[in-house]
Amino acid sequence: QVQLVESGGGLVQPGGSLRLRCQASGSIFSIYRMQWYRQAPGKQRELVAEEFSFGRKTYADSVKGRFNISRDNILNTVTLEMNSLNAEDTAVYYCRADGDERGAGFSAWGQGNQVTVSS
């Protein structure tokens with residue numbers, strides 16, 4: 001069973017930076033896509049950024065130019081670097097991975113990590 005463990009996050013002042021990291025483990029053959037989602041109180045979970053195995057990256061309009069997603073395909077990790085943070089970025093951030101495990105597909109989620117932007 002594939003598991004995702006997140007780290008990073010916490011409290012930061014407006015304009016500051018944070019880095020989230022997600023480590024995938026298990027009998028992973030390949031990971032097709034790794035994503036970061038976030039969910040703010042009272043709002044739906046939204047896709048923030050994703051990176052595919054062939055290198056393509058996409059970002060939500062609200063984070064373009066401020067966030068950067070990067071994968072390590074050897075270590076099966078994904079990092080989200082967040083810059084110029086503002087109060088609207090406050091949310092629980094989740095990583096997600098989709099790929100192949102022992103001949104079967106998988107889709108796994110991390111446990112979620114709180115990011116709070118406040119002075």
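In the block above lies the structure referred to throughout.
What counts and how
Here the residue numbers are simple positions, counted from 1 along each chain's written sequence. Residues qualify for local features only when their pLDDT is at least 70, as the model is predicted, and side-chain atom pairs are given and counted only at 80 or more; totals for whole chains, interfaces and linings, by contrast, use all residues. The side-chain numbers reported here are obtained from all heavy atoms of the structure, hydrogens and water having been left aside. Two aromatic rings from Phe, Tyr or Trp, using only the six-membered ring of Trp, form a pair when their centres are within 6.5 Å; if the ring planes differ by under 30 degrees the pair is stacked, by over 60 it is edge-to-face, and anything between is tilted. The way it works is that DSSP assigns letters per residue, a run of H or I at least four long becomes a helix, a run of E at least two long becomes a strand, and they are numbered from the N terminus. For every residue, the accessible area (1.4 Å probe, protein chains only) is compared with the maximum for its type, and the residue is labelled buried under 20%, exposed over 50%, or partly exposed between those bounds. By definition, two strands form a pair when at least two bridges between them are found by DSSP. Here, a disulfide means two cysteine sulfur atoms that sit within 2.5 Å of each other. For helices, the fitted line uses only the C-alpha atoms of the stretch in contact; every axis is such a line through C-alpha atoms, and the angle between N-to-C directions lies from 0 to 180 degrees. Criterion for a salt bridge: a side-chain nitrogen of Lys or Arg within 4 Å of a carboxyl oxygen of Asp or Glu.

Novice: I'd like to hear about the packing of aromatic side chains, residue by residue, with values.
Specialist: Applying the stated rule across the entire model yields four aromatic pairs. Taken together, a centroid distance of 5.5 Å and an interplanar angle of 70 degrees make the contact between tyrosine 32 and phenylalanine 52 edge-to-face. Of this pair, tyrosine 32 sits in strand E4 (residues 28–39) while phenylalanine 52 sits in strand E5 (residues 46–52); the two residues are 20 residues apart in sequence, bridging distant segments of the chain. Look at tyrosine 32 and you get partly exposed, because its relative accessible area is 43%. By relative accessible area, which is 8% here, phenylalanine 52 ends up buried. An angle of 80 degrees between the planes, with centres 6.4 Å apart, marks the rings of tyrosine 94 and tryptophan 109 as edge-to-face. One end of the pair, tyrosine 94, is in strand E9 (residues 91–101); the other, tryptophan 109, is in strand E10 (residues 104–109), and 15 residues separate them in sequence. Looking at tyrosine 94, the relative accessible area reads 15%, which means it is buried. Among the aromatic side chains, those forming a connected cluster through ring pairs are Tyr32, Phe52 and Phe54.

Novice: Residue-level account of the pairing of strand E7 (residues 67–72), with values.
Specialist: A one-sided burial pattern is seen for E7, the buried positions being Phe67, Ile69 and Arg71 and the unburied ones Asn68, Ser70 and Asp72. Summarising the sheet, E7 and strand E8 (residues 77–82) pair through six bridges and their orientation is antiparallel. Across the sheet, the residue bridging to asparagine 68 is glutamate 81, located in E8. Connecting the antiparallel pair E7 and E8 is a turn made up of four residues, with asparagine 76 showing a positive phi of about 60 degrees.

Novice: How would you explain the state of the cysteines if you had to name every residue and give the values?
Specialist: Working definition of a disulfide: a covalent bond connecting the sulfur atoms of two cysteines. Per the stated rule, a full pass over the model turns up one disulfide. At a sulfur-sulfur separation of 2.0 Å, the disulfide partner of cysteine 22 is cysteine 95. Looking down the S-S bond of the cysteine 22 and cysteine 95 bridge, the torsion is 55 degrees, so its handedness is right-handed. Here cysteine 95 lies in strand E9 and cysteine 22 lies in strand E3 (residues 18–25), a separation of 73 residues in the sequence. In this structure cysteine 22 comes out as buried when scored by relative accessible area, which is 0%. Residue cysteine 95 is classed as buried on the basis of its relative accessible area of 0%.

Novice: Give me the lowdown on the sheet that holds E3, citing residues and values where you can.
Specialist: The strand order across the open sheet built from four strands is E1-E3-E8-E7, with neighbouring strands paired in antiparallel fashion. The sheet terminates laterally at strand E1 (3–8) and E7, the two strands that pair on one side only. Here the average twist between neighbouring strands, direction ignored, is 15 degrees. For E1 and E3, the ladder comprises six bridges, and the chain directions are antiparallel. Looking across to E3, one finds that glutamine 3 is bridged to serine 25.

Novice: Outline the pattern of salt bridges, supporting the account with residue identities and numerical values.
Specialist: When charged atoms on two side chains of opposite charge get close, those side chains can pair. In the structure shown here, the tally under the stated rule is seven salt bridges. With its nearest N and O atoms 2.9 Å apart, the salt bridge here joins arginine 38 to aspartate 89. Separated by 51 residues along the polypeptide, arginine 38 in strand E4 and aspartate 89 in the loop between E8 and E9 bring together distant segments of the chain. With a relative accessible area of 5%, arginine 38 lands in the buried category. Given the relative accessible area of 1%, aspartate 89 is considered buried. For the salt bridge of aspartate 89 with arginine 66, the shortest nitrogen-to-oxygen distance reads 2.8 Å. Taken as a pair, aspartate 89 in the loop between E8 and E9 and arginine 66 in the loop between strand E6 (57–59) and E7 lie far apart in primary sequence, 23 residues in all. Judged on exposure class, the residue aspartate 89 and its partner arginine 66 are both buried. Within this structure, Arg38, Glu46, Arg66 and Asp89 form a network of salt bridges that share partners.

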